[in-house]
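Structural features, examined
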Amino acid sequence: MVLPAKTARFFQETGDVAKFTGRFFSQWFRPRYEVTEFFRQCFVIGYKSLPLIGLTGFIMGLVLTMQLRPSLVEYGVESQLPAMVGIAIVREIGPVIMALIFAGKIGSSIGAELGSMKVTEQIDAMEVSGTNPFKYLVVTRVFAATMMLPVLVLLGDAISLYGSYLGVNIRGITSFRLYWAQIFDNLAFSDVIPAFIKTFFFGFAVGIIGSYKGFHSSKGTEGVGRSANSAVVVSSILIFIIDLIAVQITDLLGFN
Amino acid sequence: MNKKISTNIKLGIFVLSGMVFLILMLYMIGKNQNLFGSTFELKARFRNVQGLRPGNNIRYSGIQAGTVKKLNILNDTTIEVVMLVDLKMKDYIRKSAVASIGTDGLMGNKLVNINPSGEPGSLVEDGDVLSIRKPVNTDDLLETLANTNHDVAIIAAQLKITVQRINNSTAAWKILNDESLPQNIHSSVAQIRTATAKAVDMVNNLNTLVTGVKEGKGSLGAILRDTSFAHNLNEAILKIKNVSEDADSLTSELNKVVQQFRDESMNGSGTITALLKDSVMAKNVTKSLDNIQKGTEGFNEIMNAVKKNFLFRSYFRKREKQKRNESVQLPAIQ
């Protein structure tokens, strides 16, 4: 059976990613653990991304509120603005938008970093010196990304809700207490928990795709750029695919 | 090394703040669903819950008091709503309270309203079943509105006919077009006004009269106000009654006498009849009376002679003196 070259390459890459993921898990469970490196990556991936995520979240909350207001005023349910914005941010927009920003920042940086290490043969040097490069470079980064994105999304949600509060107060006057109460009156566990769980998968996708692209980059400095670029594109697409799967699962479980 | 510690501290703060927000969010949601904090159960049985769902709010007199825990279908016409109510509300909700299904706003979520009925009752206990009020159903509302609309349509049709008739009637338009009519009405009204003024005067006079009578002025007033007069009147009436009774008996006596007299006259017996019927006797009697008169005159002469006689003069003088004394003493006594 002969497949078109592009299709063949696509399936081959998918298989490679799957193999890479399997390798990640097998390495992840096996000691010794690179704890110090993991925390350093957490700091770089999580903490250093907070300003970007925070700013995006803030603007998103503010803009979403201001954009939703006219249509809600038209229906005479302006008082439901906090509820609507709260559900939109917590359920969908917060996790997805922040994961995309995260993919843009972290996916590309992991891809470029590992790619340049690969092309400058630092990874080979590591292997020679007795350090497990996969464990040291890939496992720590992927795991850090998986763990940090949920935290980032939570904080981003909080900042975003605050931005939305300011947005509500541009045209009307709502006390923070009332706004807060309205948001949480209309939220349920079924809104928060699935959204929180899917952010782990988003983080994992960003980390694993960035690492795969970097680990398999080739052809010199050109390859580094390409792997960084494709890391962002593929992880972004993967985020949407995961989101689609997540919504199907939550719907199946009856959380919607 | 110092730099590493500081990065770890920053990372720690970052992760912790994220976790704190997550826990806060979950707690807030849980608090709204009464998962934390102490609650107790109340039940109410409805025929139709109109889309109420677990998690919908319970309001007691408009205050958020809890959430719906679950809905049990007991049988084909009864649905039991199990409510989780805040324990703080246990001190206020009475067994006589009434539950009803309402809507949050016009289009909002369904909720259960618990309202006090105003009747006395002990405080609720865990698992009590509250009585219900039939919920206002929008369908019923619309049905009623449809009926009302129908009625309004009929009324409008009738009104249309009435208006058409008025429009077609020449008499009505004649009245409306008659320009002298307002003038006449105006003068009539003026006359009515003077008549009313007079009536008012009359009423005023009557009023003063009545007040005067009320205050006891005038003879009528005296009669009406004087209580002793009534007493006297009563006595007089009593006396009149007695007199009339006496008169009654007298009449009956008289009647008897007359009866007797008549009987006797019929029979011709008895002295009186004899007297009446015997003309000779009447003559005799007349004669006797004449004689008696003569006799008396004679006696009178004799008596005068006696008075002048010396033998009896002193006696008569004494008598006269005594008489005079008595007549002088009598006024002194009075």
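Everything quoted here is computed from the prediction, not taken from an experiment.

1. Some details on the overall build of chain B
Across its full length, chain B carries 9 helices and 7 strands. Counting every position in chain B, which comprises 334 residues, the buried fraction comes to 16%. A separation threshold of at least 6 residues defines the contact pool for chain B, and within that pool the share at least 24 residues apart is 58%. Total accessible area computed for chain B in this model is approximately 25,700 Å², and 59% of it derives from carbon and sulfur atoms.

2. Considerations on the pairing of strand S6 (residues 110–115) of chain B
All names here are of chain B. With 3 bridges joining them, strand S2 (residues 57–60) and S6 adopt parallel strand pairing. Across the sheet, the residue bridging to tyrosine 60 is isoleucine 114, located in S6. For strand S5 (residues 98–103) and S6, the ladder comprises 6 bridges, and the chain directions are antiparallel. Of the residues in S6, the one forming a bridge with valine 98 is asparagine 115.

3. Quick look at helix H1 (residues 5–29) of chain A
With 25 residues, H1(A) should cover 36 Å at 1.5 Å per step; its first-to-last C-alpha distance of 36 Å lies within 8% of that length. Residues Val17(A), Phe20(A), Thr21(A), Phe24(A) and Gln27(A) constitute the buried set of H1(A).

4. Remarks on the nonpolar core
Inside soluble globular proteins, nonpolar side chains tend to come together where they are buried. Ile45(A) and Phe102(A) are the most contacted members of the largest nonpolar core, which totals 45 residues. Every residue in contact with Phe102(A), bar those within four places of it in the chain, is listed here: Ile45(A), Ser49(A), Ile53(A), Gly107(A), Ala145(A), Leu149(A), Leu152(A), Gly203(A) and Val206(A). If you look at the next biggest cluster of nonpolar residues, it comprises 23 residues, including Phe46(B), Tyr60(B), Val81(B) and Ala99(B).

5. Details of the interface of chain B and chain A
Facing the 21 residues of chain B at the interface are 25 residues of chain A. Across the chain B/chain A interface, buried area totals approximately 2,100 Å², and carbon plus sulfur atoms make up 86% of it. Between the two partners, chain B and chain A, sit 0 residue pairs in polar contact (both at pLDDT 80 or more). Per-class residue counts for the side of chain B that touches chain A are 12 nonpolar, 7 polar and 2 charged.

6. Describing the environment of Asn132(A)
All names here are of chain A. In this structure, asparagine 132 sits in the loop between helix H5 (122–128) and helix H6 (133–171). Residue class for asparagine 132 comes out partly exposed when judged on its relative accessible area of 29%. Taking C-alpha positions, asparagine 132 is 9.5 Å from glutamine 27, a pair spaced 105 residues apart along the chain. Here the side chain of asparagine 132 touches glutamine 27 through a polar contact of 2.7 Å, side chain to side chain.

7. Here we look at the pattern of salt bridges
Residues and elements named next belong to chain A. Inspection of the entire model under this criterion finds 13 salt bridges over all chains. One salt bridge in this structure joins glutamate 37 and arginine 40, with 3.3 Å as the shortest N-O distance. On the criterion of helical spacing, the pair formed by glutamate 37 and arginine 40 is a turn pair, its members being 3 residues apart in helix H2 (residues 35–45). On the basis of relative accessibility, which here comes to 7%, the residue glutamate 37 falls in the buried class. Residue class for arginine 40 comes out partly exposed when judged on its relative accessible area of 42%. A salt bridge links arginine 91 to aspartate 191; the nearest nitrogen and oxygen atoms lie 2.6 Å apart. Of the two residues, arginine 91 is situated in helix H4 (residues 81–119) and aspartate 191 in helix H8 (residues 189–215); the sequence distance between them amounts to 100 residues.

8. Points about the confidence of the model for chain B
Looking at chain B as a whole, its pLDDT mean stands at 83, while 90% of the residues score no less than 70. Summarising per-element confidence for chain B, the mean pLDDT is lowest in helix H7 (residues 271–277) of chain B (64) and highest in helix H2 (residues 138–168) of chain B (90).

9. So, the pairing of strand S1 (residues 39–46) of chain B
Residues and elements named next belong to chain B. Every second residue of S1 is oriented toward a common face, the buried set being Phe40, Leu42, Ala44 and Phe46 and the non-buried set Thr39, Glu41, Lys43 and Arg45. Alignment of S1 against strand S4 (residues 78–86), held across 8 bridges, turns out to be antiparallel. Pairing of phenylalanine 46 across the sheet is with isoleucine 79, part of S4. Direction of pairing for S1 relative to strand S7 (residues 128–132): parallel, over a ladder of 3 bridges. By the bridge assignment for S7, alanine 44 is matched with leucine 130.

10. Digging into the sheet that holds strand S3 (residues 63–75) of chain B
As summarised here, the arrangement of the 7 strands in space is S1-S4-S3-S2-S6-S5-S7 (chain B), forming a closed barrel in which the pairing is mixed. Between one strand axis and the next, the sheet turns through 40° on average, direction left out of account.

11. What about H2(A)?
Listed in full, the buried residues belonging to H2(A) are Glu37(A), Phe38(A), Gln41(A), Cys42(A), Phe43(A) and Ile45(A). The inward-facing, buried residues of H2(A) abut H4 and H6 of chain A together with helix H1 (2–32) of chain B.

Definitions and limits used
Residues numbered from 1 in each chain as written. Chains lettered and ligands numbered in written order. Predicted model: local features only at pLDDT ≥ 70, side-chain atom pairs only at ≥ 80, totals over all residues. Heavy atoms only, no water. Helix = DSSP H or I, 4+ residues; strand = E, 2+ residues; numbered from the N terminus. Buried < 20%, exposed > 50% of the residue type's maximum accessible area, 1.4 Å probe, protein only. Contact = heavy atoms within 4.5 Å. Areas by Shrake-Rupley, 256 points an atom, 1.4 Å probe, with all protein chains shown as cover. Pairing = 2+ DSSP bridges. Expected span 1.5 Å × (residues − 1). Core = buried A, V, L, I, M, F, W, Y, C linked by side-chain atoms within 4.5 Å. Buried area = accessible area lost by both parts, 1.4 Å probe. Polar contact = N/O pair within 3.5 Å; in protein donor to acceptor, adjacent residues only side chain to side chain. Nonpolar A, V, L, I, M, F, W, Y, C, P; charged D, E, K, R; others polar. Salt bridge = Lys/Arg side-chain N within 4 Å of Asp/Glu carboxyl O. pLDDT = per-residue confidence, 0-100. Axes fitted to C-alpha atoms, helices over the stretch in contact; angles between N-to-C directions.

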